Amino acid sequence: MSQHDRYISPFSTRYASDEMQYIFSEDNKFRTWRRLWVALARAEMNQGLTNITPDMVAELEAHVDDINYEVAIEREKLVRHDVMSHVYAYGQQCPKAAGIIHLGATSCYVGDNTDIIVMRQGLELVRKKLIGVLAKLSRFAALHGLHALPARSAHHRG
């Protein structure tokens, strides 16, 4: 594990599962940014809007997961902008595609879309775990002969 694959807070270190910590980690965030940049480049290429080639897209895809954090960290000290620092770092790994990374997009393209993707990943994990808990409770109830309580009408509330 690298220093960037965990979301850190008292809540995460105390209560969150390893899966949830990864979902909210910097590593997942920046890999998602790169997947979004690949999707953007591919869509722009398919629309014929720019001079983007399949080789450029392939170069971007080849470096989605090997984030050069040191370059991004040093660049951010100069430009004080996380997205542009990662555009620069990605461009260092993908010299043929450097000029098309983030082309036509704002920082919100990766920031907001990644937030939505991460929230969905988190909710999918909560759903999976909730279904597991309900299945265990159901088995426990069946094993011990417990049945669902009848619904109480409004006038019988105590």
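Residues numbered from 1 in each chain as written. Predicted model: local features only at pLDDT ≥ 70, side-chain atom pairs only at ≥ 80, totals over all residues. Heavy atoms only, no water.

**Structural notes on the packing of helix α3 (residues 26–47) against helix α4 (residues 54–62)**
Two quantities define a packed helix pair, namely the angle between the axes and the distance from one axis to the other.
Next, step 1: The contact between α3 and α4 brings their axes to 9 Å, and the two run at 170°. As judged from the angle between their axes, α3 and α4 are roughly antiparallel. From α3, Trp-37, Val-38, Ala-41, Arg-42 and Met-45 reach across to α4, where they touch Pro-54, Val-57, Leu-60 and Glu-61.
Next, step 2: Class assignment for the residues of the contact of α3 with α4 results in 7 nonpolar, no polar and 2 charged. (Axes fitted to C-alpha atoms, helices over the stretch in contact; angles between N-to-C directions. Helix = DSSP H or I, 4+ residues; strand = E, 2+ residues; numbered from the N terminus. Parallel < 35°, antiparallel > 145°, perpendicular 65-115°, else oblique. Contact = heavy atoms within 4.5 Å. Nonpolar A, V, L, I, M, F, W, Y, C, P; charged D, E, K, R; others polar.)

**Section: a nonpolar patch on the surface**
Next, step 1: A grouping of Leu-130, Val-133, Leu-134 and Leu-137 is seen on the molecular surface, where their side chains present a nonpolar patch of about 370 Å² in accessible area.
Next, step 2: Tracing the backbone shows Leu-130 in helix α7 (residues 107–143). (Patch = residues over 30% accessible without salt bridge, like charges linked within 9 Å, V, L, I, M, F, W, Y side chains within 5 Å. Areas by Shrake-Rupley, 256 points an atom, 1.4 Å probe, with all protein chains shown as cover. Salt bridge = Lys/Arg side-chain N within 4 Å of Asp/Glu carboxyl O.)

**A short note on the nonpolar core**
Next, step 1: In this structure, Trp-37, Leu-60, Tyr-90 and Ile-100 are the most contacted members of the largest nonpolar core, which totals 21 residues.
Next, step 2: For this core, the elements supplying multiple residues, two or more each, are α3, α4 and α6 (82–93).
Next, step 3: Here this core gets 6 residues from one element, more than from any other, and that element is α3.
Next, step 4: Apart from the residues within four sequence positions on either side, Leu-60 is in contact with Trp-37, Val-38, Ala-41, Tyr-90, Cys-94, Ala-97, Ile-100 and Ile-101. (Core = buried A, V, L, I, M, F, W, Y, C linked by side-chain atoms within 4.5 Å. Buried < 20%, exposed > 50% of the residue type's maximum accessible area, 1.4 Å probe, protein only.)

**Digging into unusual backbone geometry**
Backbone phi values are negative for most residues with the exception of glycine, while trans is the configuration of most peptide bonds.
Next, step 1: Phi at Arg-80 takes a positive value of approximately 55°, unusual for a residue other than glycine.
Next, step 2: As for its position among the elements, Arg-80 is in the loop between α5 (69–79) and α6.
Next, step 3: Assessed through its relative accessible area of 74%, Arg-80 is described here as exposed.
Next, step 4: Here His-102, not a glycine, exhibits a phi torsion of approximately 75°, which is positive.

**Focus: the pattern of salt bridges**
Next, step 1: The full count for this structure, using the stated rule, is 7 salt bridges.
Next, step 2: Two residues, Arg-31 and Asp-65, come together in a salt bridge whose shortest N-O distance is 3.6 Å. Pair noted here: Arg-31 is in helix α3 and Asp-65 is in the loop between α4 and α5, with a separation of 34 residues, a long-range link.
Next, step 3: Measuring nitrogen to oxygen at the nearest pair gives 3.0 Å for the salt bridge that ties Lys-77 to Glu-74.

**Let's talk about the packing of α3 against α6**
Next, step 1: Direction vectors running N to C along α3 and α6 enclose 70°, while the axes themselves pass 11 Å from each other. Considering the angle they form, α3 stands roughly perpendicular to α6. Note on packing geometry: the crossing formed by α3 with α6 is right-handed. Between α3 and α6, the residues in contact are Phe-30, Trp-33, Arg-34, Trp-37 and Val-38 and Asp-82, Val-83, His-86, Val-87, Ala-89, Tyr-90 and Gln-93, respectively. (Left-handed = near helix turned anticlockwise from the far one by under 90°.)

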